[in-house]
Amino acid sequence: MALKRFKAMGAAIALAFWSKVAYAEFVWNFPKPVTPLAEDTLHVHNKFMLICMVIFLVVLGIMIYSIIHHRKDKGYKPANFTGPSTKAQVFWTLVPFALLLYIDFILMGIPAYHSVITMEDTKNNADMVIKVTGMQWRWQYEYMDGDAKGIKFVSNLKTPQEQIYNQAEKGPDYLLEVDNPVVLPVGKKVRILLTSNDVIHTWWVPQFGVARDAIPGFLRETWARIDEPGTYKGQCKELCGKGHGFMPVVVNAVSEDEFKKWAESKKAELAAASAVAEKEWSKEDLMALGKEVYEKNCSVCHQVDGKGVPPAFPPLAGSKIVNGPNFDAEGKLIKDSHLDRVFNGFRVMPAWKGVLNDVEIAAVVTYERNAFGNAMGDLLQPAQVKALR
Ligand SMILES: [Cu+2]
């Protein structure tokens, strides 16, 4: 009976492995390395696998040989001794010890040491520096020097909500696509500084062989020299809350010329965005942009319909704060007002002043005051937000 059940279980497990679903994204090896670091770690991995395999085969071979040839029913007489000579004991201790010492310290230790030293070598002749800030649930990139100095933007998930909620077919880059990929030149050593605004995140791009925690209050670092142009994808690799699966990393590696061109156009784009903050905006334009900003940045917590997920994430529909004044009689920002919450954050509510620009903040606040059944009717001008900085 027990055997029968055992067999059935075995068959079930075998069937599970047979199923195509189990192999949906199945690959045997590391993804193709495109940095010296990824190459190095792949070699270390392969070498170690080979060593483990050889040890495994030798040990298993000796075991199988003994089981077959030293059987009692073959008439094998077991050795009958107590306490072999001290010499033999010392010998049989030292030989495996020496062997392991050789394998661990020479065969494995040296390449592993080399890999770790390479990983930590972030400063030597770095060509450029970028700063990556993790936050719930997006990445912010800032170029610290060179042609792109001063460029700073946020990279958000681009996958539409309908795909996430199974109302539309999932695209090929499902959950691995962003609105603003980080662009890096190929062949340049990029020093990557990492930190976080809220909880621990991990910036991970498998093809770079890079994964490093972004920890609030600390500046950590890693590096990458991308050898091939292309688009490389990664994810946050640290469980960081509700939207952990929704903060992918997308890196566009381009030639140096293309990088220069990109930097110029991005700078122009950011300058233009800052210039439009000066002009007077219409309510329609603010509402349209506000909806976009809201769905990209706020709906993960407050939901698309503004009803939130109480008690963790409060509803904005009917909220006293949302439907209250932002400025006092003297035109000063009221503490704990709608705009104050959005600009400066409060407890779990993130501060958006460093993430969204003036127009985006004005738009999203205007949107919230006039959507989800809220009907304040007023609008916030980007210039009013700019004045707070
Ligand atoms: Cu994260």
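Residues numbered from 1 in each chain as written. Predicted model: local features only at pLDDT ≥ 70, side-chain atom pairs only at ≥ 80, totals over all residues.

What follows deals with the sheet that holds strand S7 (residues 210-214). A sheet is described by the order of its strands in space; here 5 strands give the open sequence S4-S10-S9-S6-S7, paired in mixed fashion. One side of each edge strand has no neighbouring strand; the edge strands of this open sheet are strand S4 (182-185) and S7. With direction set aside, neighbouring strand axes in the sheet form an average angle of 25°. Pairing of strand S6 (residues 201-205) with strand S9 (residues 230-236), which is carried by 2 bridges, proceeds in the antiparallel orientation. Its bridge partner being in S9, Trp204 is matched across the sheet by Gln235. (Pairing = 2+ DSSP bridges. Helix = DSSP H or I, 4+ residues; strand = E, 2+ residues; numbered from the N terminus. Axes fitted to C-alpha atoms, helices over the stretch in contact; angles between N-to-C directions.)

Further remarks concern the nonpolar core. If you look at the biggest cluster of nonpolar residues, it comprises 60 residues, and the most contacted ones within it are Val132, Phe208, Ala224, Val251, Ile361, Ala362 and Val364. Per-element accounting of this core gives the leading share, 7 residues, to helix H9 (residues 358-369). Beyond its immediate chain neighbours, meaning those up to four positions away, Val251 contacts Pro181, Val182, Leu184, Val205 and Tyr232. (Core = buried A, V, L, I, M, F, W, Y, C linked by C-beta atoms within 7 Å. Buried ≥ 20, exposed ≤ 12 C-beta atoms within 10 Å, placed from the backbone. Contact = placed C-beta atoms within 7 Å.)

A word on the domain arrangement of the protein chain. Frequently, the measure chosen for interface size is the accessible area removed from exposure when the parts meet. The assigned domain composition of the protein chain is domain 1 (30-73 + 84-120), domain 2 (128-269) and domain 3 (283-386). Between the C-alpha centres of domain 2 and domain 3 the distance comes to 26 Å. Counted by class, the side of domain 2 that touches domain 3 contains 4 nonpolar, 6 polar and 2 charged residues. (Domains from an automatic or database assignment. Nonpolar A, V, L, I, M, F, W, Y, C, P; charged D, E, K, R; others polar.)

Further remarks concern the packing of helix H6 (residues 283-297) against H9. At a minimum axis separation of 7 Å, H6 and H9 run at an interaxial angle of 95°. Between H6 and H9, the angle falls in the class roughly perpendicular. Contacts from Lys283, Leu286, Met287, Leu289, Gly290, Lys291, Val293 and Tyr294 of H6 reach H9 at Val359, Glu360, Ala362, Ala363, Val364, Thr366, Tyr367 and Glu368. Its residues assigned to classes, the contact of H6 with H9 comprises 10 nonpolar, 2 polar and 4 charged. (Parallel < 35°, antiparallel > 145°, perpendicular 65-115°, else oblique.)

Right, let's talk about the sheet that holds strand S1 (residues 128-135) for a bit. The 5 strands are arranged S3-S2-S1-S5-S8 in an open sheet whose pairing can be described as mixed. Strand pairing shows two members of the sheet lacking a second neighbour, strand S3 (152-155) and strand S8 (220-225), which therefore form its edges. Adjacent strand axes in the sheet meet at a mean angle of 25° when their direction is disregarded. Bridge count for S1 against strand S5 (residues 189-196) is 7 bridges, and the pairing is parallel. Bridge pairing in S5 places Val132 opposite Leu194.

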